[in-house]
Amino acid sequence: MEKPLAEKAGLGWIGKHTNLLNKTDGSWFFLGELYTDLPLPVDQPATGHCGSCRACIDACPTGAIVAPYELDARRCISYLTIELRGSIPEHLRPLMGNRIFGCDDCQAVCPWNRFAQASGEGDFSPRDAVTDRELNWFASWTEDDFHRHTAGSAIRRAGYEGFLRNVAVALGNAPTSPIIVGCIDKLARHPSPLVREHAEWARKRHGKEADSGVVHYRG
Ligand code: B12
Ligand code: SF4
Ligand code: SF4
């Protein structure tokens, strides 16, 4: 209930993308709470300022924002790549593009995030070792690599098999090339049935695309 609580505490309003945002910081912040029995003054709830904007609804790759202020979490890439254990519904896979952990598209297009400032908190900074890497590098990770590179990071939550499942989907959505197809073939021999199933799907995508010459890719 962090968002409704934060809205009532005056920290911002819940936007049409269903995240909390405010006029000075946009929405790129996390929420946290301190519990106390101090008799603090009661804050005024924040008022909404989305107006007629619907940029987040239009930008969502999977149509997860089914109505203003209403999210179908089962379609959200954040859910599919982080929380879902098991197989990603096939009809959503082509829409996921190359997003291998979470998604921020609905926030990236929000006009209020023009005012968002990068945090000075080191834990929120991108890690050099995993920044600007190609999919084939992630696809080559062993379980040890996964644990080493994600120590202390939220990416751990996806789990090794879940993470490689996400990479397999992204490979299926990538433009066809010998490197991409080679990575998929390698994942199709992975010990995990979950990874193998997604790699088989990815392989079929490239087979089809090579025939039609059409590459379906949302980068
Ligand atoms: C479950 C969850 C998800 C789910 C569902 C998200 C959703 N929008 O419903 C999934 C996995 C999809 C998800 C994704 C993301 N999440 Co999330 N998530 C949560 C979590 C753990 C619980 C939210 C929840 O379900 N609360 C319980 C329900 C009952 O509350 P609610 O949906 O707000 O509903 C209330 C009202 O809105 C209203 N209501 C809702 N529906 C209806 C319907 C009717 C008819 C009525 C009358 C009322 C009503 O009543 C409810 C009670 O007040 C919170 C942390 C927390 N503990 O709160 C983080 C949290 C919301 N997530 C967060 C973040 C950052 C994300 C992502 C950006 C991560 C990413 N980069 O991939 C994405 C954003 C996706 C999006 N557009 O929302 C942050 C948001 C920060 C912010 N500025 O708002 C939070 C607060 C975590 C944190 N501590 O910072 N998340
Ligand atoms: S996080 Fe991505 S998939 Fe989820 S609602 Fe926002 S744009 Fe859509
Ligand atoms: S993109 Fe527009 S509609 Fe969506 S939360 Fe931001 S201001 Fe509101």
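Novice: Help me understand unusual backbone geometry, please; the structure alone is not making it clear to me.
Specialist: Leave glycine aside and you will find that most residues have negative phi; peptide bonds, for their part, are mostly trans. Phi is positive for Y69, which is not a glycine, with a value near 70 degrees. Within the secondary structure, Y69 sits in the loop between β3 (65-67) and β4 (70-71). In this model, D132 sits at a positive phi of 55 degrees, which is unusual for a non-glycine residue. Topologically, D132 is positioned in the loop between α4 (105-108) and α5 (135-139).

Novice: What should I look at first to understand the nonpolar core in this one?
Specialist: If you look at the biggest cluster of nonpolar residues, it comprises 30 residues, and the most contacted ones within it are I100, F163, V167, L171 and L187. If you list the elements that add at least two residues to this core, you get α3 (77-83), α5, α7 (160-173), α8 (178-187) and α9 (193-212). Top element by residues in this core is α7. It accounts for eight residues. Once you skip the residues sitting within four places of it in the chain, V167 turns out to touch I100, L135, F138 and A139. Membership of the second largest hydrophobic core comes to seven residues, among which are C56, I57, A64 and I65.

Cut-offs applied
Residues numbered from 1 in each chain as written. Chains lettered and ligands numbered in written order. Predicted model: local features only at pLDDT ≥ 70, side-chain atom pairs only at ≥ 80, totals over all residues. Heavy atoms only, no water. Helix = DSSP H or I, 4+ residues; strand = E, 2+ residues; numbered from the N terminus. Core = buried A, V, L, I, M, F, W, Y, C linked by side-chain atoms within 4.5 Å. Buried < 20%, exposed > 50% of the residue type's maximum accessible area, 1.4 Å probe, protein only. Contact = heavy atoms within 4.5 Å.

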